[in-house]
Amino acid sequence: MLSFTEENYLKAIYKINEKTKERASTNAIAEIMQTTAASVTDMMKKLSNKNLITYERYKGSKLSSQGAQIATSLIRKHRLWETFLVEKLSFSWEEVHELAEQLEHINSNKLIERLDEYLDFPKYDPHGDPIPNAEGKFTLREQIKLSQLNIGEEGNLIGVQNHDDQFLEYLNELNIKLGSRITVTKKVLYDKTYNIIVDNEHTVQISEKVANNLMVKKILAL
């Protein structure tokens, strides 16, 4: 049995490894876990002794096959619980992350398999992130950042990279949600802003930072 803290460290390393395709540095882990580099180093040694990671001082950490399996299971549980909270309990997408952070540590495979079946085996969570199946396999799909669309091009919003509640609340204010059809009408180089049309109804202006956090499936012109 691992502590909640140990599980959270494994998940943090997984996300860094996945994003950068490199070993997770001590500073990168410390930033996610909101702790000191010294505390991270102590935990890396502990996880290494349990054969959950490979750790080299000054080179960073990488999950072992067993560590990756545990981290993937945590991600699966987290995203299934987020889906349950939104679809069945009517929580909004900005409310569910912290709740799922607590629920993901429930150690019952039977419960998670029943939950998956109850939700009809969803492939994506309310933020558009893929949910690994019982074998740990993800269903990936073609997507690009909204900022990669040219003027006049359109895309359907299928995911967000930032799950921060303030960011999601901001999108709510703009009536931007998963499934929204977004058309880029203007890019201003001076201040790096974008004019977009959402669902063919209203025009809003967003920053490049926001555009980089919106993942879309490009709509091909007929």
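Quick notes on the rules
- Residues numbered from 1 in each chain as written.
- Predicted model: local features only at pLDDT ≥ 70, side-chain atom pairs only at ≥ 80, totals over all residues.
- Heavy atoms only, no water.
- Salt bridge = Lys/Arg side-chain N within 4 Å of Asp/Glu carboxyl O.
- Helix = DSSP H or I, 4+ residues; strand = E, 2+ residues; numbered from the N terminus.
- Buried < 20%, exposed > 50% of the residue type's maximum accessible area, 1.4 Å probe, protein only.
- Pairing = 2+ DSSP bridges.
- Domains from an automatic or database assignment.
- Core = buried A, V, L, I, M, F, W, Y, C linked by side-chain atoms within 4.5 Å.
- Contact = heavy atoms within 4.5 Å.
- Arc of directions from axis to C-beta.
- Polar contact = N/O pair within 3.5 Å; in protein donor to acceptor, adjacent residues only side chain to side chain.

So, about the pattern of salt bridges. Taken as a whole, this structure holds 12 salt bridges when the rule is applied. Its salt-bridge partner being Arg79, residue Asp125 comes within 3.9 Å of it at the nearest N-O pair. Of the two residues, Asp125 sits in the loop between helix H6 (109–118) and strand S3 (144–145) while Arg79 sits in helix H4 (residues 65–87), which places them 46 residues apart along the sequence. Each member of the pair, Asp125 together with Arg79, is buried. Counted as one network, the salt bridges with shared partners bring together Glu6, Lys46 and Lys50.

Attention now moves to the environment of Ala28. Of note, Ala28 is situated in helix H2 (residues 26–33). Linking Ala28 and Leu189, residues 161 residues apart in sequence, is a C-alpha distance of 31 Å.

Moving on: the pairing of strand S6 (residues 193–198). A large share of S6 lies buried, amounting to five of its six residues. In terms of strand pairing, strand S5 (residues 181–188) meets S6 through six bridges, oriented antiparallel. For Thr183, the partnering residue across the bridge sits in S6 and is Ile197. Between S5 and S6, which pair antiparallel and follow one another directly, the connecting turn spans four residues, one of which, Lys192, has a positive phi of 55°. Sheet topology places S6 next to strand S7 (residues 202–207); six bridges connect them, and they run antiparallel. Counted as the bridge partner of Thr193 is Ser207 from S7. Counting the residues in the hairpin turn of S6 and S7 gives three residues, including Asp199, whose phi is positive at 55°.

Glancing now at the domain arrangement of the protein. What the domain assignment reports for the protein is domain 1 (4–63) and domain 2 (144–219). Taking only C-alpha atoms into account, the centre of domain 1 sits 33 Å from that of domain 2.

Core analysis: the largest hydrophobic core is formed by 21 residues, its most contacted members being Leu146, Leu171, Ile176, Ile196, Ile206 and Leu214. Contributions of two or more residues to this core are made by strand S4 (154–160), helix H7 (165–173), S5, S6, S7, helix H8 (208–212) and strand S8 (214–219). In this structure, Leu146 is in contact with Ile182, Val184, Ile196, Ile206, Ala211, Leu214 and Val216, ignoring residues within four places of it in sequence. In this structure, Ala24, Val40, Met43 and Leu52 belong to the second largest nonpolar core, which totals 17 residues.

This part is about H2. In an α-helix there are 3.6 residues to a turn, and that puts residues three or four apart on one side. All buried positions along H2 are accounted for by Thr26, Ile29 and Ala30. Along the axis of H2, the buried residues cluster in a sector spanning 100°; they form a single face. Projecting away from the buried face of H2 at angles above 90 degrees are the exposed residues Asn27 and Glu31. Buried positions along H2 lie against helix H1 (4–20), helix H3 (37–49) and strand S2 (60–63). In the stretch just after H2, Gln34 is the one whose phi turns positive, near 55°.

Here we come to the side chain of Arg76. Structurally, Arg76 can be placed in helix H4. You can call Arg76 buried: its relative accessible area is 6%. Of note is the side chain of Arg76, whose polar atom sits 3.2 Å from the side chain of Asp116. The contacts of Arg76, once residues within four sequence positions are left out, are Ile112, Glu113, Asp116, Ile131, Pro132, Asn133 and Ala134.

Moving on, we come to the sheet that holds S8. Read from one edge of the open sheet, six strands run S3-S8-S4-S5-S6-S7, paired in antiparallel fashion. On the outer flanks of this sheet lie S3 and S7, each paired with one strand and no other.

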